[in-house]
Amino acid sequence: MAAMLFNQYTFLLWWVALMAVFRQFTDVYTTVDVLGRKKQRVNLLFAVLVFFPVFRLAAFGPILGDVWAYVRGYEGLSGQFSDVIDCLKNNESGFGYETFERLLKWLISGDRTVYRVAVALIHSIPLVLILRRYSEDYLLSVFLFIAGTYHIAWMMNGLRQFVAIVIIFSALPLMVQR
């Protein structure tokens, strides 16, 4: 397991390096408005392409740390609408994430892969959008995210906590405008 994870981690680093070379030979920039100023940022397609292997690893990679507990808990849910209502009535710590899990299982699927893909999307989309908009060097930001192993600690271990982080992170444009 450790060797496989190391190989995937190494692949991610090489992927960012390859994208840096690709960026040098291709026009991947577009003009965006950042705090009232026009700035050159990577286009959305390139930003998604750079981050996609991180998303893929979080959604389909090895089950690490607490992920197994989250997956087992998700599989143990009944998938009934009454569970969603009960969870909303229960105002305990974590009821937001538990409501999300129950809604996902009730509306879409009880499959663990669907669960992991949904959570990885919730993690990835705000991260890509915010880094793309506010980072002077998107590739460097993604590299630091990978090199610091935050993709493992947050997207593959602390699923519930990182959902809260990306919700707050998504509010960054609103905070910056104030």
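Scroll up a little and you will see the structure.
Residues numbered from 1 in each chain as written. Predicted model: local features only at pLDDT ≥ 70, side-chain atom pairs only at ≥ 80, totals over all residues. Heavy atoms only, no water.

*Asks:* Mind showing me how you'd approach the environment of serine 82 here?
*Replies:* Structurally, serine 82 is set in helix H4 (residues 81–89). Distance from serine 82 to histidine 151, taken between C-alpha atoms, is 34 Å for residues 69 residues apart in sequence. (Helix = DSSP H or I, 4+ residues; strand = E, 2+ residues; numbered from the N terminus.)

*Asks:* What is the right way to read the pairing of strand S2 (residues 37–42) from this model?
*Replies:* As a general feature of sheets, a regular strand has side chains that alternate between the two faces. For strand S1 (residues 29–34) and S2, the ladder comprises six bridges, and the chain directions are antiparallel. In the strand pairing of S2, aspartate 33 is matched with lysine 38. Counted between consecutive antiparallel strands, the loop separating S1 from S2 contains two residues, among which leucine 35 sits at a positive phi close to 55°. (Pairing = 2+ DSSP bridges.)

*Asks:* Explanation requested: the environment of valine 32 in the structure shown.
*Replies:* Mapped onto the elements, valine 32 comes out in strand S1. According to the relative accessible area criterion, valine 32 is buried, its value standing at 14%. Taking the C-alpha atoms as reference points, valine 32 and valine 42, ten residues apart in sequence, are found 9.3 Å from one another. Beyond its immediate stretch of four places on either side in the chain, valine 32 contacts Arg37, Lys38, Lys39, Arg41 and Arg132. (Buried < 20%, exposed > 50% of the residue type's maximum accessible area, 1.4 Å probe, protein only. Contact = heavy atoms within 4.5 Å.)

*Asks:* Looking at this model, I keep getting lost on the packing of helix H6 (residues 112–134) against helix H7 (residues 138–147). Mind explaining?
*Replies:* Helix packing for two helices is described by the angle between their axes and how far apart those axes are. Put simply, H6 and H7 touch, their axes get as near as 9 Å, and they point 135° apart. As the angle between them shows, H6 and H7 are arranged oblique. For the pair H6 and H7, the sense of crossing is right-handed. Taking contact as the criterion, the partners of Leu127, Val128, Leu131 and Arg132 in H6 are, on H7, Tyr138, Ser141, Val142 and Phe145. (Axes fitted to C-alpha atoms, helices over the stretch in contact; angles between N-to-C directions. Parallel < 35°, antiparallel > 145°, perpendicular 65-115°, else oblique. Left-handed = near helix turned anticlockwise from the far one by under 90°.)

*Asks:* Please clarify how the side chain of glutamate 101 should be interpreted in this entry.
*Replies:* Mapping glutamate 101 onto the fold places it in helix H5 (residues 95–107). For glutamate 101, the side chain forms a polar contact with the side chain of tyrosine 115, separated by 3.0 Å. In this structure, glutamate 101 is in contact with Tyr70, Tyr74, Leu77 and Tyr115, ignoring residues within four places of it in sequence. (Polar contact = N/O pair within 3.5 Å; in protein donor to acceptor, adjacent residues only side chain to side chain.)

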